[in-house]
Amino acid sequence: MTAPLYERVALIGLGLIASSMGHAMKAAGLAGSIAGHARSAETRQAALDLGFCDLVFATAAEAVAGADLVVLAVPVGAMGPVAREIAPHLAPGATVTDVGSVKQAVIEAVAPHIPAGVHFIPGHPLAGTEHSGPHAGFAALFRNRWCLLIPGEAPAAAVARLRALWEGMGANVEYMEAAHHDLVLAVTSHTPHLIAYTMVGVADHLRRVTESEIIKYSAAGFRDFTRIAASDPTMWRDVFLTNKEATLDILGRFTEELFVLQRAIRMGDGQALFDYFTRTRAIRRGIIDAGQDTDAPDFGRGARGGAESGR
Ligand code: NAP
C-alpha cells in the first residue's frame, strides 16, 4: 500500500465541497486522517456519521493543529476570519488551500494571515451541485472536472503535492492567475447564476397573475433555471459581493447582447435570430465534445441523480 499524500488533513467547513473531498480522499487513500470543523454540532456529528471525517473539533484552531494540509471550505466571506483564527496554530511547512469560488478576494483576505514557512495555494474545483451541507457530498463530484490552482510564490514541491491530491480525487488540474480566474468564472458561472436567480424572480412576480400555472406547466427552460436558483444563498451572496467588478463587466455585455436580440425580435429579423442561435448551439457542442456536459452518461454520479455544474 502506498503512503498517503498528506498525513493529516483538516477540513474547515463541512459542506458539499469538503464532504466530497473527504469521501474522495478516503476512497483513494490520499489522507492518513481527516479532521474537521464546522460551526454547528449537528454538522460536525453528520461528518462523523457519514464517515468523511475521523475526528471533529468545535474550533477551527483545534482542527488545524498538526495538519500538513488545511482546506478552507467555508463561504468566501468567512475565509478571512477563519484564516485569522487558525494562523497561530498552523504547523510549520503545512499547506493551506481553499476551494472558494472567487480568488482575488480570498487571497486578499487570507494571505496576510498566513505565517512564514506555511504555504498558501488557493484553489477552486469547478464542480458542484445546487445542494449544500455535509449530506450533499459524494466521492465522484470532482471526477473529470477541472480544479484551478493559483500557485503564486509557493514552492514547486508543495504545489505538485496539492496537484497530486486533486488528481487523486479525479480532477484535471490547471494553474491560473487569480484575476483571470475571476473573469473566466464570471462568464461561465457567476453571471449565469445571477441570470437564473433573476428569471425565477420574474416568474415569481408573474405568479401573482397566473397563480399556479408556472409550477404546473414548468417547462425544461424554466425548470433548469429553478435548479440553479436553488443554490445556497450565503455562498452566492458572497460570490457577487467579492467578484463584483468581473460580474458587473459581464452583466453589462449580457445586457448589450439582450438588446440586440430584443431588437431582432421587434424588427421580425428571423435571420439574425437564426444566426445567433446557430452560433450558441456550436458552443454547446464544444462543451459536450470537451466532456464537460452536465448530463454526460459516463459521469459516474450513479443513483444520486441531478445535474452538476462547474461553479
Ligand atoms: P456548504 O455546503 O453551504 O457548506 C458550508 C460549510 O461551511 C458548512 O459546513 C458550514 O457549517 C460552514 N461554515 C459556514 N460559515 C462558517 C464559518 N464562519 N466558520 C466555520 N464554518 C463555517 O458550502 P459549499 O457549497 O461546500 O461551499 C464551500 C466553499 O466552496 C465556498 O467558498 C464556495 O464558494 C466554494 N465552492 C462551492 C461550489 C458549489 O457548487 N457549491 C463549487 C465550487 C466551490 P455549519 O453547517 O456549521 O453552518
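Caption draft 1: Summary view of the domain arrangement of the chain. As assigned here, the chain comprises domain 1 (6–176) and domain 2 (180–289). Each of domain 1 and domain 2 has a C-alpha centre, and the two are 30 Å apart. Each side of the interface is counted separately: domain 1 has 16 residues, and domain 2 has 15 residues. Buried area between domain 1 and domain 2, summed over both chains or domains, comes out near 1200 Å², and the portion from carbon and sulfur atoms is 66%. The closest approach of N and O atoms between Glu130 and Arg227, which form a salt bridge, is 3.6 Å. In this assembly, domain 1 and domain 2 are joined by five residue pairs in polar contact (both at pLDDT 80 or more). By residue class, the composition of the side of domain 1 that touches domain 2 is nine nonpolar, five polar and two charged.

Caption draft 2: Examining the site of the ligand more closely. Neighbouring the ligand are 30 residues, the closest being Arg39, Ser40, Thr43, Val74 and Ser101. Contacts to the ligand include Gly15, whose backbone N or O atom sits 3.4 Å from an oxygen atom. Between Arg39 and the ligand, the recorded distance is 2.6 Å, taken from a side-chain N or O atom to an oxygen atom. The protein chains hide 88% of the 900 Å² of surface that the ligand would expose on its own. Among the detected pockets, the ligand sits in the second largest pocket. Across the shell around the ligand, the residue classes break down as 15 nonpolar, twelve polar and three charged.

Caption draft 3: Up close: helix H12 (residues 270–289). Look at H12: 29 Å from first C-alpha to last across 20 residues, which is about the 28 Å you get at 1.5 Å a residue. Backbone geometry just after H12 places Gly291 at a positive phi near 75°.

Calculation notes
- Residues numbered from 1 in each chain as written.
- Predicted model: local features only at pLDDT ≥ 70, side-chain atom pairs only at ≥ 80, totals over all residues.
- Heavy atoms only, no water.
- Domains from an automatic or database assignment.
- Contact = heavy atoms within 4.5 Å.
- Buried area = accessible area lost by both parts, 1.4 Å probe.
- Salt bridge = Lys/Arg side-chain N within 4 Å of Asp/Glu carboxyl O.
- Polar contact = N/O pair within 3.5 Å; in protein donor to acceptor, adjacent residues only side chain to side chain.
- Nonpolar A, V, L, I, M, F, W, Y, C, P; charged D, E, K, R; others polar.
- Near = heavy atom within 4 Å.
- Areas by Shrake-Rupley, 256 points an atom, 1.4 Å probe, with all protein chains shown as cover.
- 1 Å grid on protein atoms, 1.4 Å probe; cavity = no way out; pocket = protein on both sides within 12 Å on 5 of 7 lines; lining within 4 Å.
- Sits in = over half its atoms within 2 Å of the grid points.
- Helix = DSSP H or I, 4+ residues; strand = E, 2+ residues; numbered from the N terminus.
- Expected span 1.5 Å × (residues − 1).

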